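One-letter residues, chain by chain:
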Amino acid sequence: MQRFLRTIVLVLAAIALPSAVAAQERGTVTGQVTDQNTGAPIVGAQVAIVGTTHATVTNREGRFLLPAVPTGAQTLQVVYIGYQTATIEIQVTASTVADVALTPDILRLDELVVVGYGTQRRRNISGAISSLDPSAVVEDAPIVSVDNVLQGRVPGVQVTQNSGNPGSAITVRVRGASSISAGNQPLYVIDGVPMTQGNFSMINGAFGGQDIDALADLNPNNIESIEVLKDASAAAIYGSRASNGVVLITTKRGIAAERPRITVSGYYGVQQAWNKIDMADTDLYIDVYNEAYGVPIFGYSDDGVANDFEIEPGMNTDWLDQVFRPAPIRNFAASIAGGSGPVRYFVAGSSLNQDGIVEGFGYERLNGRLNLDYTASDRLTLGTNVALTRGRTRRSASDNTIYGPFANAIASPPWHGIYDEDGNYLSPFYANPVGLAKENFASERSVHILGNMFGTFNLFSNVDLRASVGLDHYNLRSYLYDSPIIGPAVGSGGASTSGDAYVTKLVYEATVNWLQQIGTDHLFSGVVGTSYEDNTRESSSVSGQSFPSSYFRYITSAASITDGDADLAEWSLVSFFSRLSYTYADRYTATFNLRADGSSRFGADNRYGFFPSGSLLWRVSDEPFLRDQDVISDLAFRLSYGRTGNQQGIGNFASRGLYTGGANYEDTPGLAPDQLANPDLKWETTDQFNVGADVAFIENRLGITADYYIKTTKDLLVSRPVPRTTGFSSVTSNVGSMENRGFELGVHAELLRGGPQDFNWAMDLNLSRNVNEVTELYNDQPFVTGFVSRVEEGKPLGFFWGYKTDGIFRSQEEVDNHAFQDDETAPGDVRFVDVNGDGVIDDADRTLIGTPWPDFVGGLTNTLSYRGIDLSVFLQFSSGNEIYNGTRIYTDAYGASPGDNVSARAADRWSPDNPDGTEPRATADDPNNNARDSDRFIEDGSYLRVKNAVLGYTFPASIAQRLGMRNLRVYLQAQNLLTFTDYSGFDPEVNYAGEADVTRGTDFYTLPQPRTITFGFNVGF
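Predicted model only: the values in this text are computed from it and were never measured.

Now for the overall build of the protein. The secondary structure content of the protein amounts to eleven helices and 54 strands. Against the compact-globule benchmark of 31 Å for 1021 residues, the protein has a radius of gyration of 32 Å, which places it among compact chains. For the protein, the spread of C-alpha atoms along the principal axes amounts to about 130 × 70 × 65 Å. Looking at the protein residue by residue over its 1021 residues, the buried ones come to 54%. Total accessible area on the protein stands at roughly 42,100 Å², and carbon and sulfur atoms take up 55% of it. Charged side chains of the protein number 75 positive and 118 negative; the gap between the two group centres comes to 12 Å.

As enumerated under the stated definition, the model contains 38 aromatic pairs in all. Consider the rings of Phe-324 and Phe-406, whose centres lie 5.8 Å apart with planes at 45°: the pair is tilted. Within this pair, whereas Phe-324 is found in the loop between α6 (319-323) and β21 (327-340), its partner Phe-406 is found in helix α7 (residues 405-411), the two being separated by 82 residues in sequence. Taken individually, Phe-324 and Phe-406 each receive the classification buried, so the pair is uniform in this respect. Here the aromatic rings of Phe-787 and Tyr-992 are separated by 5.4 Å at their centres, their planes lie at 65°, and the arrangement is edge-to-face. In this pair, Phe-787 is assigned in the loop between β41 (783-785) and β42 (789-791) and Tyr-992 in the loop between β52 (967-981) and β53 (1002-1003), connecting sequence segments 205 residues apart. Every member of this aromatic cluster is reached through a ring pair, and the members are Phe-787, Phe-800, Tyr-884, Tyr-890, Phe-937, Tyr-992, Phe-1004 and Tyr-1005. The positively charged end of Arg-769 is found above the aromatic ring belonging to Phe-856, 5.6 Å away from the centroid. When the ring centre of Phe-832 is taken as origin, the NZ or CZ atom of Arg-932, which lies over that ring, is 4.2 Å away.

The residue Ser-878 is located in strand β48 (residues 869-879) in this model. In terms of polar contacts, Ser-878 uses its side chain to reach the side chain of Asn-881, at 2.9 Å.

We now examine empty space enclosed by the protein. Counted according to the given criterion, the structure contains 14 cavities of 30 Å³ or more. By volume, the largest cavity is sized at about 360 Å³. In terms of lining residues, the largest cavity is bounded by 29 residues, among which Val-144, Asn-148, Gln-161, Ile-170 and Gln-354 are the most central. Listed by contribution, the elements that provide at least two residues to the lining of the largest cavity are α3 (146-150), β23 (362-375), β52 and β54 (1010-1020). Classifying every residue of the lining of the largest cavity gives ten nonpolar, 15 polar and four charged. The volume enclosed by the second largest cavity comes to roughly 250 Å³. Taken together, 24 residues make up the lining of the second largest cavity; nearest its centre are Gln-158, Thr-160, Ser-878, Tyr-943 and Arg-1000.

A few words on the confidence of the model for the protein. Predicted confidence across the protein gives a mean pLDDT of 88, with 96% of residues reaching 70 or more. Between residues 1-24, whose pLDDT stays under 50, and residues either more than four places distant or in other chains, the model counts four contacts.

With that out of the way, let us pick up the nonpolar core. Counting 26 residues, the largest nonpolar core has Val-146, Leu-150, Val-157, Tyr-188, Ile-226 and Ile-249 as the members making the most contacts within it. The set of elements that each furnish at least two residues to this core consists of α2 (135-138), α3, β12 (157-160), β13 (171-174), β14 (187-190), β16 (223-229) and β17 (246-251). When neighbours within four sequence positions are excluded, Val-146 is seen to be in contact with Tyr-188, Leu-215, Leu-218, Pro-220, Ile-223, Ile-226 and Ile-249. Formed by 25 residues, the second largest nonpolar core is a distinct cluster that contains Phe-324, Phe-406, Ala-407 and Phe-986.

Let us look at the sheet that holds strand β2 (residues 46-49). Taking strand neighbours across the sheet as the criterion, the four strands line up as β3-β2-β5-β6 in an open arrangement whose pairing is antiparallel. The two strands at the open ends of the sheet, each matched to only one other strand, are β3 (55-57) and β6 (86-92). Between one strand and the next, the sheet's axes are offset by a mean angle of 25°, whatever the strand orientation. Here seven bridges tie strand β5 (residues 72-79) to β6, and the two strands are oriented antiparallel to one another. From the neighbouring strand, Ala-73 faces β6, where its bridge partner is Gln-91.

Now for unusual backbone geometry. The phi angle of most residues is negative, glycine excepted, and most peptide bonds adopt the trans form. Of note, the phi angle at Ala-68 is positive, near 55°, even though the residue is not glycine. In this structure Ala-68 comes out as partly exposed when scored by relative accessible area, which is 36%. The backbone of Tyr-117 shows a phi angle near 60°, a positive value even though the residue is not glycine. By the element assignment, Tyr-117 lies in the loop between β9 (112-115) and β10 (118-121). According to the relative accessible area criterion, Tyr-117 is buried, its value standing at 13%.

This paragraph deals with a nonpolar patch on the surface. Side chains of Val-343, Val-347, Leu-370, Leu-372, Tyr-374, Leu-382, Val-386, Leu-388, Val-447, Ile-449 and Leu-471 sit close together on the surface and give an oily, nonpolar patch of about 760 Å² of accessible area. Every element with two or more residues in the nonpolar patch is listed here: β22 (343-355), β23, β24 (380-394) and β25 (441-460). Tracing the chain through its elements places Val-386 in strand β24.

Before going further, it helps to spend a moment on the sheet that holds β42. The four strands lie next to each other as β41-β42-β43-β46, forming an open sheet whose pairing is antiparallel. Where the open sheet ends on each side, the last strands, each with one partner, are β41 and β46 (847-850). Here the strands of the sheet are splayed against their neighbours by 50° on average, with no regard to which way each runs. Two elements, β42 and strand β43 (residues 799-802), share two bridges in a ladder whose sense is antiparallel. Opposite Arg-790, over in β43, you have Phe-799 as the bridge partner.

Bringing the layout of surface pockets into the picture now. Of the pockets and cavities examined, the second largest pocket occupies roughly 1,500 Å³. Taken together, 46 residues form the lining of the second largest pocket, with Gln-197, Gly-198, Arg-601, Gln-648 and Gly-649 sitting closest to its centre. Breaking the lining of the second largest pocket down by element, the ones donating at least two residues are β27 (495-518), β28 (522-545), β29 (560-584) and β33 (658-661). With four residues, the single largest contributor to the lining of the second largest pocket is β28. Classifying every residue of the lining of the second largest pocket by side-chain character gives 18 nonpolar, 16 polar and twelve charged.

Moving on, we get to the pattern of salt bridges. By the definition in use, this model includes 42 salt bridges. One salt bridge connects Arg-173 with Asp-997, and the closest N-O pair in it is separated by 2.8 Å. Taken as a pair, Arg-173 in strand β13 and Asp-997 in the loop between β52 and β53 lie far apart in primary sequence, 824 residues in all. Taking the shortest distance from any N to any O, the salt bridge between Asp-597 and Arg-595 comes out at 2.9 Å. Judged by relative accessible area, which is 0%, Asp-597 ranks as buried. The network of salt bridges with common partners includes Arg-888, Asp-892, Arg-905, Glu-919, Arg-936 and Glu-939.

With respect to the helices and strands, the residue Arg-241 is situated in the loop between α4 (232-235) and β17. Its relative accessible area of 9% is what places Arg-241 among the buried residues. Side chain to side chain, Arg-241 and Glu-533 meet in a polar contact 2.8 Å long. Residues contacting Arg-241, with those up to four places away along its chain left out, are Leu-187, Pro-194, Glu-533, Leu-573, Arg-595, Gly-645 and Gln-647.

Once that is clear, we can look at the environment of Ile-486. Residue position: Ile-486 is located in the loop between β26 (463-482) and β27. Assessed through its relative accessible area of 3%, Ile-486 is described here as buried.

Attention now goes to the environment of Val-288. Locating Val-288 in the fold gives a position in helix α5 (residues 282-293). Measuring from C-alpha to C-alpha, the distance between Val-288 and Phe-298 comes to 9.8 Å, with ten residues separating the pair along the chain. For Val-288, the contacting residues outside a window of four places in its chain are Tyr-894, Gly-895, Val-902, Ala-906, Arg-909 and Ala-922.

Note on helix geometry: an α-helix contains 3.6 residues per turn, so any two residues three or four positions apart are oriented the same way. Spanning twelve residues, α5 covers 17 Å between terminal C-alpha atoms, matching the ideal 16 Å at 1.5 Å per step. Immediately beyond the C-terminal end of α5, within one or two residues, lies Gly-294, with a positive phi of roughly 75°.

Turning our eyes to something else, we now look at a negative patch on the surface. Negative charge collects at one region of the surface, where Glu-538, Asp-563, Asp-565 and Asp-567 lie side by side. Take the negative patch: its biggest share by element is three residues, from β29. Turning to its location among the elements, Asp-567 is positioned in strand β29.

What counts, and where the lines are drawn
- Residues numbered from 1 in each chain as written.
- Predicted model: local features only at pLDDT ≥ 70, side-chain atom pairs only at ≥ 80, totals over all residues.
- Heavy atoms only, no water.
- Helix = DSSP H or I, 4+ residues; strand = E, 2+ residues; numbered from the N terminus.
- Rg over C-alpha atoms; globule rule 2.2 N^0.38 Å.
- Buried < 20%, exposed > 50% of the residue type's maximum accessible area, 1.4 Å probe, protein only.
- Areas by Shrake-Rupley, 256 points an atom, 1.4 Å probe, with all protein chains shown as cover.
- Lys, Arg positive; Asp, Glu negative; His and termini not counted.
- Charge placed at Lys NZ, Arg CZ, Asp CG, Glu CD.
- Phe/Tyr/Trp six-rings, centres within 6.5 Å; stacked < 30°, edge-to-face > 60°.
- Lys NZ or Arg CZ within 6 Å of the ring centre and 35° of its normal.
- Polar contact = N/O pair within 3.5 Å; in protein donor to acceptor, adjacent residues only side chain to side chain.
- 1 Å grid on protein atoms, 1.4 Å probe; cavity = no way out; pocket = protein on both sides within 12 Å on 5 of 7 lines; lining within 4 Å.
- Points joined across faces, edges and corners; volume = space filled by probe spheres on them.
- Nonpolar A, V, L, I, M, F, W, Y, C, P; charged D, E, K, R; others polar.
- pLDDT = per-residue confidence, 0-100.
- Contact = heavy atoms within 4.5 Å.
- Core = buried A, V, L, I, M, F, W, Y, C linked by side-chain atoms within 4.5 Å.
- Pairing = 2+ DSSP bridges.
- Axes fitted to C-alpha atoms, helices over the stretch in contact; angles between N-to-C directions.
- Patch = residues over 30% accessible without salt bridge, like charges linked within 9 Å, V, L, I, M, F, W, Y side chains within 5 Å.
- Salt bridge = Lys/Arg side-chain N within 4 Å of Asp/Glu carboxyl O.
- Expected span 1.5 Å × (residues − 1).

Structure follows, in structure tokens:
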């Protein structure tokens, strides 16, 4: 009987238990999330029950629904960027209503910020970190590369679009250039994986100074947030690669929601050259050259005078008009984010196609991304991030090459047309620019796989173990074809090169993250970890020449193989790192970092570098003496000091003595010494001091961030000269030092703050100043590189070095009164200054004539909205920098460079009939060398540019709903709309040698950026 009763009780309990559990899980939580100040609903806020998988996002009315929440006491948390996180205690019943009003947080103090190997609340960050939400930048503009997202929007970060070549590398400098020969680009870390950077082209030497970069493959549309680690305290945990700053990029992830969030966007636009320099027409060209030679070299064919070059009357070709073209740009992107139960996902794809404003240039990209998160148990979380990109860059010769269609459009004379009567290209002086653009072909095709797998195990309530494996694989296929019809391969029957580069990075990481709250005032957090990185690059190329016709372009059709190359290189990095942070009473924070890196690039005795840092934070606004006032909403002071390192750009075996194959004698293979060993080679290190402050006023309507820093780099990695008797010309050594110091200012102001139906006006300003100085060189020896760039102690890196000028000799009397001038100097020649006063104009008179580094750079964004209409105008500026306009060496030579067309300013050249002319005389022999490197070609490179202007309209929710959409927005956008500058060249934002800092600020036939007008849309479902 007892056994029977016990069985009945157990059966009833088994039946009742699920019922009880089901009853417990039937509680529903609903509510609305609004702005505390305006009452406006907040769309897209994340709402979650802390400690559970119950989470959702608010809809277009700011409302949310959380079904099946366990009844009883629960903690509800609401998170939305730009607002303080709200955490409230609720009692869940069968039907619970919980409305939440969020407080705007102009400094985002409660926001979790991604830092090295973890996250921290912004209010506890003691280092100099700038955060950027790229959605406001990317969604409304044709932003092709992640570098462009940073331009003009982050204090202390200078971004330069070196040229208008689509897909070309962009220069990014965080707090100036810290190195001479080693790299100066920041480290990019994508979802924890350091990204492969650099130019791996096998044909790059044919295209002038503009490189391509693997970084271009990253799709900005998939980025959730960007953090720029600028000072040593923030960056030192990345140690050996952090001297140039660190850019942490977090991509979008899935969200727990009732239904997936689908987003579709796209734009189409047209790019055009916004500026064109005035070149001489045929009449002016004839006058200049006939005057320069003193005889009628050029003339019209019906004028009855014998000329060396007979010109058809009326012929006046504007070659820039012939090569410039309207170029389309188009982009389409779609994503889906969602999740239920333990799984969350984000899937995205996009297609970009950008043609160049000169034929032969272009960039195409297909992107795909899958991010998965899986909560396997209460303690174990697994995830993966995978991005796949297929890119194609169409290239053509440019910059410092005589076979570039753009360069030759400037140089070609206007008196001949494109074709002769038989349809052949006319090229009396230079290769026909139209023919170069149409007949020669080059492309770089890439496949890029970037991703990682990770797992996080909650060992204790406050300790997490994380392990990850990351992969960055980059495959680049290079192809170049020079036609036998026109260009450099005319004499060889055509030439072609094919090459492949395979670059693989594997990263293994393990970390322990710790967070401990003791009482109410003491918060400890830390991370300890290790990583191992293995890098491999394998490349090969083959070249051939003499092809049967232009239809047979690949190596298999070449009559002869002229060259070949193959290479394999590996290097590795092992690291140990830690961070400890302590916060007292939410007011005082101290953080300490330590990283040790061992690199195979250095000798055994100097393989490891140690990179410590420390920082302090005092949040003054939380002190009792500032609590009872309404003016200062927030005030904090920061102080930091630390050391970071650099090993970029020195090669994988810089410390070793190398031999190379191919030193053959007839049919006998041989080896030859190729590089001197330097076992003492060690890390280039940068020590940085930073002091900063963050302050907000008037209910967070005005926020200001300011920093001052001093960066000192020593043991510079430089290829220094050695005596030729060694059999070598240079060896990589640690010599010299450099200093950067400057300040940064960031301001955010909500000038008018109202509801969504009111007029709102917000303004963002950032301003930066950096002063660079080379403080030590090997044996105090300066050196000149590029056209006029020089590196010298006590001067900024790559300053301009040349002759000073003092106008033009306007009469023979003026010439005679300056006896130090050459005897052949004549009226109309440039008067060069005898700087050292020795009575002779020679190399000893060359001096500092300018600097490419600006006094100030920054950006200003104004965002206005009224009801569904919004207008955003972003101004980018640079002030105080100078440009060496190398193009003018030829366009302003006025006959000294035979055949080149001249600029229209030649109309005001000096002559006996125009003694007040502002330009030198026309002369073919130019004994005074008027075109020598001088300040005549130094120009003010300051500019103010309307970089981006967007006018958009968001349809009312009721209309979007009727169309079956969550939201709908359309916009009209203009990029590079207006540029205000005194620079006479095509574009003041220019670097003919790409990313090189020692030749910065030189313009030499460099393709300008286009003006772009696009129409786009954003749709959510």
